[in-house]
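In case you want the letters, here they are:
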Amino acid sequence: MRIGELARRTGVDEQLLRYYEKQGLLRPERTPNGYRDYAEEDVTAVRRIRELLAAGLTTAGIAEIGTCVRGEPPTPACEGVLERLRAERSRIDAAIARLQGARTALDTVIERRDSA
């Protein structure tokens, strides 16, 4: 499928898909006239990339663990992937806890002002 179709099916802008390719996250074939030719699996790959980005990983981090999350045969780079993902989850949990504390402090200030 051409890049426009992949963009339409995933809701991701064509420029961003080209960026993912430059980062090594997507590897489309090329037609004889140079057009990108994406496979059906790339729809799933783009969705997984978006999920990992939303989870706080960088494109460099996703590229590093790419084969480990694409269902391809594991490589030596896959060692430690779960530990890195768990560490990222712990970082997110800590950030959530800090934000919840800040929210509680704001609620306290707001309640005091509302009571005054």
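Residues numbered from 1 in each chain as written. Predicted model: local features only at pLDDT ≥ 70, side-chain atom pairs only at ≥ 80, totals over all residues. Heavy atoms only, no water.

Structural notes on the overall build of the protein chain
For clarity, the threshold we go by: Comment: elements are numbered from the N terminus, with helices defined as DSSP H or I runs of at least four residues and strands as E runs of at least two. We take the radius of gyration over the C-alpha atoms and set the globule estimate at 2.2 Å times the residue count to the 0.38 power. Note on contacts: a residue pair is in contact if any heavy atoms of the two residues lie within 4.5 Å. In this description, accessible areas are obtained by the Shrake-Rupley approach with a 1.4 Å probe, and a residue is regarded as covered only by the protein chains that are shown. As used throughout, the charge tally considers Lys and Arg to be positive and Asp and Glu to be negative, leaving His and the chain termini uncounted. Charge coordinates come from a single atom per side chain, which is NZ of Lys, CZ of Arg, CG of Asp or CD of Glu.
Looking only at helices and strands, the protein chain has 5 helices and 2 strands in total. Its C-alpha radius of gyration of 20 Å places the protein chain more than 25% over the 13 Å reference for a compact globule of 116 residues. Summarising its shape, the C-alpha atoms of the protein chain cover approximately 75 × 35 × 20 Å along the three principal directions. Long-range contacts, defined as pairs at least 24 residues apart, comprise 46% of the intrachain contacts of the protein chain with a sequence gap of at least 6. Just so you have it, the protein chain exposes about 8,100 Å², and 53% of that area is on carbon and sulfur atoms. The centroid of the 20 positive side-chain charges in the protein chain is displaced by 3 Å from the centroid of its 19 negative side-chain charges.

Overview of helix H1 (residues 3-10)
Rule in force here: Categorising residues by exposure relies on relative accessible area from a 1.4 Å probe, with only protein chains included: less than 20% of the type maximum marks a residue as buried, more than 50% marks it as exposed, and the intermediate range marks it as partly exposed. To be clear, the arc concerns the directions from the helix axis to the C-beta atoms.
Listing the buried residues of H1 in full gives Ile3, Leu6, Ala7 and Thr10. Down the axis, H1 shows its buried residues gathered within 100 degrees of arc, on one side only.

What about the packing of H1 against helix H2 (residues 14-22)?
Spelled out, the test is: Axis definition: a line fit to C-alpha positions, over the contact stretch in the case of helices; interaxial angles, taken between N-to-C directions, run 0 to 180 degrees. What sets the label is the angle itself: under 35 degrees gives roughly parallel, over 145 gives roughly antiparallel, 65 to 115 gives roughly perpendicular, and the rest give oblique. Side-chain classes are defined by residue name, with Ala, Val, Leu, Ile, Met, Phe, Trp, Tyr, Cys and Pro counting as nonpolar, Asp, Glu, Lys and Arg as charged, and the others, Gly among them, as polar.
At a minimum axis separation of 9 Å, H1 and H2 run at an interaxial angle of 105 degrees. What the angle tells us is that H1 and H2 run roughly perpendicular. Facing Ile3, Gly4, Leu6 and Ala7 of H1, the residues of H2 in contact are Glu14, Leu17 and Arg18. Of the residues assigned to the contact of H1 with H2, the class counts are 4 nonpolar, 1 polar and 2 charged.

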